[in-house]
Amino acid sequence: MPTNRASLIRLKFDVAGDDFREGLTAVISVKVAEPQFEGQTKTKLGNSEVSGAVDTCVSEMLNNYLEENPKEARQIVQKVVLAAQARHAARKAREMVQRKNVLGGSGLPGKLADCSNKDPEACEIYLVEGDSAGGSAKQGRDRMFQAILPLRGKILNVEKAQEHRIYDNEEIKNMITALGVSFGTPENEKALNMEKLRYHKVIIMTDADIDGSHIRTLILTFFFRYMNDLIEKGYLYIALPPLYLVKKGKTEKYAWSDDDRDRVVKEVAGNGKEENVSFQRYKGLGEMNPEQLWTTTMDPKNRSLKQVTIESAAEADRLFSMLMGDEVPPRREFIEKNAKYAKIDA
Amino acid sequence: MSVEIICMSENKAPNKSEYSANNIQVLEGLEAVRKRPAMYIGDIGVKGLHHLIWEVVDNSIDEALAGHCSHINVEINTNHSITVTDNGRGIPTDLHEKEKRSALEVVMTVLHAGGKFDKDTYKVSGGLHGVGVSCVNALSSKLIATVHRNGIIYQQEYNKGIPKYSVKEVGTTDTTGTIIEFHPDKEIFTAGEYNYETVATRCRELSFLNAGITITLKDHREQEDDGSTKGETFLSTGGLKEFVEYLDVSRETLIPHPIYMDGEKGAIPVQVALSYNTSYTEHVISYVNNINTIEGGTHIAGFRRALTRTLKAYADKSGILDKIKV
C-alpha cells in the first residue's frame, strides 16, 4: 500500500480512524468456543485470536463489496472525507471561538448583561428567548448574581448541522463565550472543558407557548450534544414562568397550570362569586413587567426551577435523533404513540 | 431444548461407591448456588430474575443453532412463573451411564452438565457465561420439566433443585420438544417483577442475532385493548441486516442496504452488518455468543482495524480523492 498513499497525503490533513466511523451503524456477532471476558462488568472480550479472525473476514468481504458496488463505495469514501474535513474545520472553529476570548478585552458577548459577583458557584445565567423579554429580565434581575443573555429567534438545530457550522452560529458562540467554557481537555480534543465555567446555574427561560417550547428543545439539544457534562453535573435548569395571572380587585395571584388556576380562582374568590375573578393567560414573557418577572420566575425565594437530568443516555440519544433529525415517519409514529400523554397547546 | 450428557470426571472409572460420593457433590453444587446466587446469575434483583429466563432460553437457542429447533415460546404467567417451550429434540431422558440416573435429571440437577462443553454436540452455543438450567432449578421453589421425545411425554418436578420423583412417563405425543416451567424462589428473589419491555427487547435481539428462529412472547398478566393476551412474535429473516435497519430507523441512510458479511476463520464464525447514515455519530454494537459485549474487546479492535485499512486502501486506489478539493 505505501505506493498508493500519495493521494491521501495530498489531502493536506490526516484522515483519522474516527472519520471512517462517522455515521456508521454496525452489529458484530462472533461465536467463540471458550470466550475470556475481562473488564469491570465482564463484558469485554479478551481472546486475542478473535481480533485477527474478524479483521480477515471483514477486510475480505468489505473489499469485495467495494469492488462490486462502486457507487456506494464512492458515497462512503466521500462521507469519510467530509468527516475529516469537518473535524478539521471544527477544530479551527473551536479554536477561533476560544481565541476571541483571549484577544478582545473581556471577550464576553455584547448582549450579555453580566452579574457583579465573580464566584461561579453563586452565579446564574438566564438564557432568555427574544430581546424584549431579555430587556425585562435585565431590569427585573438581581444584578449581584444574575446574568442575562438574550437569544434571538430559533437557534440552530444542531442535530441537523455539521460540527463546524455550529461554531459559526452567532447565538451558539455567544452561549459558549458567556458560559466561559471551551472545548478540548488534555485527554480529549472534543471534551468540554468546564474549568472556567462562570455560572453553576444555567437557566433556560422561554415563552409558555409552542414556539417557546420549540426553542427550549433546540437549546436542550445543543446542550445534550455538546455540553452533556454540564447536564450531568446538574447545572442546567428550566425556568417555569406562570401561565396565568388571577386578579380580583387589587389581589393578584399566579397560577402555573390549569388545575392550579382553578384552585387559585377559588381561593381569590373567597366567599364572593367566582365570576368576579378575572384571569389572564400569559402567552409570552414579554407580557410580564420586570417586577412581575422577578417575583414569579427569577426570585430564588418564589420561583420554581426544573433541573434537567438524563436517565438513560442511549434512550435520550435515540429520542433526540428521532425528534430533531430528518426522518419524519418515526417521529410521527412516536408522537402519535405518545399523544395521549401530551397536552395540545392551542 | 436438548442436551447430550458428558461426564465432567472422565478419567475416573464409574462404580457404585463413587455414585454415592458424586451424589453428595451434586447437592453441594446446587446448595452453593442457593447460598451465593449472585455469583452465578449476577444479582438477586430484577436483573437476576430476568437472567433466569435468559438461561433457559439460551438452551433453546443452542438447540436452534444446531438446526433442530425453529420455535421458542416464552410466557410470563400470572403467578410470577415463566414457561419456556421449544420444538427441539427434547432433553434426553434415557439412563445416564455414569450418573445412573435419567439424563434429564442430571441436566436439571448437576451444575455444568450439558452438551455445551462438548464441541461436537454444539459447535457454537450461547449462554456460556451461565451455568445452565440447573442453576435456574436451584433458585426455583418449583420447576417442572416436560420432555416430548420418542413419542412419549416425560416429566419431572423439582423443589429448590431437588427432584420430587424420578422421571416418569405421563402420556404419548407426536411432537418433540422441551417445556420448562419455573417459579423463582421468593426466599431468594425478595423483590422485583418481570418487565415486559426488558424481555421483549432481549427476544427481539435474539431473533435478529439468530435469523430464522421464531420467538413468541406472551405476557398473561396484561391484556391488549381487544382483550387478547399481550404479546409479540419475533422473527427475522434478514438477521443482522435487519438489526442495522432497525437501529437506523430514524436516520437517513447513505447506502440503500446494509453491507452484510458472514464468514468463518480459524473455527470462529464472524457475522457483521454495517451501514452508513448521514448523522455524525458512531453506533457499533457487538456480541459474543449472543451476549452483548458492552465494553467491546478484541473483536471490535479487529473490526475497526479492517474497516480503516480497507477503506483507506480503496480510497487511495480508486482515485476518488483526487477529485475532491480541499
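Since this is a predicted model, take the numbers as computed values, not measurements.

Attention now moves to helix α7 (residues 240-247) of chain B. The complete set of buried residues in α7(B) reads B:Leu240, B:Phe243, B:Val244 and B:Leu247. End-on, the buried residues of α7(B) take up no more than an arc of 95°, which puts them together on one face. Where the residues of α7(B) are buried, they touch β1 (24-30) of chain A together with α6 (196-209), β12 (259-265), β13 (268-276) and β14 (283-288) of chain B.

All names here are of chain A. Here the structure, examined in full by the defined rule, presents 30 salt bridges over all chains. For arginine 198, the salt bridge goes to aspartate 114, with nearest N and O atoms at 2.4 Å. Linking arginine 198 in the loop between β7 (192-193) and β8 (201-205) with aspartate 114 in the loop between α3 (70-103) and β4 (124-129), this pair joins segments that are 84 residues apart in sequence. One salt bridge in this structure joins arginine 263 and glutamate 267, with 3.4 Å as the shortest N-O distance. Within this pair, arginine 263 and its partner glutamate 267 are both found in helix α9 (residues 258-269), separated by 4 residues, close to a single helical turn.

Side chains on a regular strand alternate between the two faces of the sheet. Residues and elements named next belong to chain B. Bridge count for β12 against β13 is 7 bridges, and the pairing is antiparallel. Bridge pairing links methionine 261 to valine 272 in β13. Counting the residues in the hairpin turn of β12 and β13 gives 2 residues, including glycine 266, whose phi is positive at 55°.

A few words now on unusual backbone geometry. All names here are of chain B. Phi at lysine 160 is positive, roughly 50°, even though this residue is not glycine. Checked against the element boundaries, lysine 160 lands in the loop between β6 (152-159) and β7 (162-163). Residue lysine 160 is classed as partly exposed on the basis of its relative accessible area of 32%. The backbone phi angle of alanine 267 is positive, close to 60°, even though this residue is not glycine. With respect to the helices and strands, alanine 267 occurs in the loop between β12 and β13. A relative accessible area of 58% places alanine 267 in the exposed class.

Residues and elements named next belong to chain B. Along the chain, serine 236 falls in the loop between β11 (229-234) and α7. Beyond its immediate sequence surroundings of up to four residues, serine 236 is in contact with Ser207, Phe208, Ala211, Gly212 and Glu242. A distance of 2.8 Å separates the side chain of serine 236 from the backbone nitrogen of glycine 239, its partner in a polar contact. Within the structure, serine 236 has its side chain in polar contact with the side chain of glutamate 242 (distance 3.4 Å).

Read across the open sheet, the 5 strands follow the order β12(B)-β13(B)-β1(A)-β14(B)-β15(B); overall the sheet is mixed. The outermost strands of the open sheet, each flanked by one partner alone, are β12 and β15 (291-292) of chain B. Lying over the sheet, α7(B) contacts β1 of chain A together with β12, β13 and β14 of chain B, oriented at roughly 145° with respect to β1(A).

Reading the values: rules and limits
Residues numbered from 1 in each chain as written. Chains lettered and ligands numbered in written order. Predicted model: local features only at pLDDT ≥ 70, side-chain atom pairs only at ≥ 80, totals over all residues. Heavy atoms only, no water. Buried < 20%, exposed > 50% of the residue type's maximum accessible area, 1.4 Å probe, protein only. Helix = DSSP H or I, 4+ residues; strand = E, 2+ residues; numbered from the N terminus. Arc of directions from axis to C-beta. Contact = heavy atoms within 4.5 Å. Salt bridge = Lys/Arg side-chain N within 4 Å of Asp/Glu carboxyl O. Pairing = 2+ DSSP bridges. Polar contact = N/O pair within 3.5 Å; in protein donor to acceptor, adjacent residues only side chain to side chain. Axes fitted to C-alpha atoms, helices over the stretch in contact; angles between N-to-C directions.

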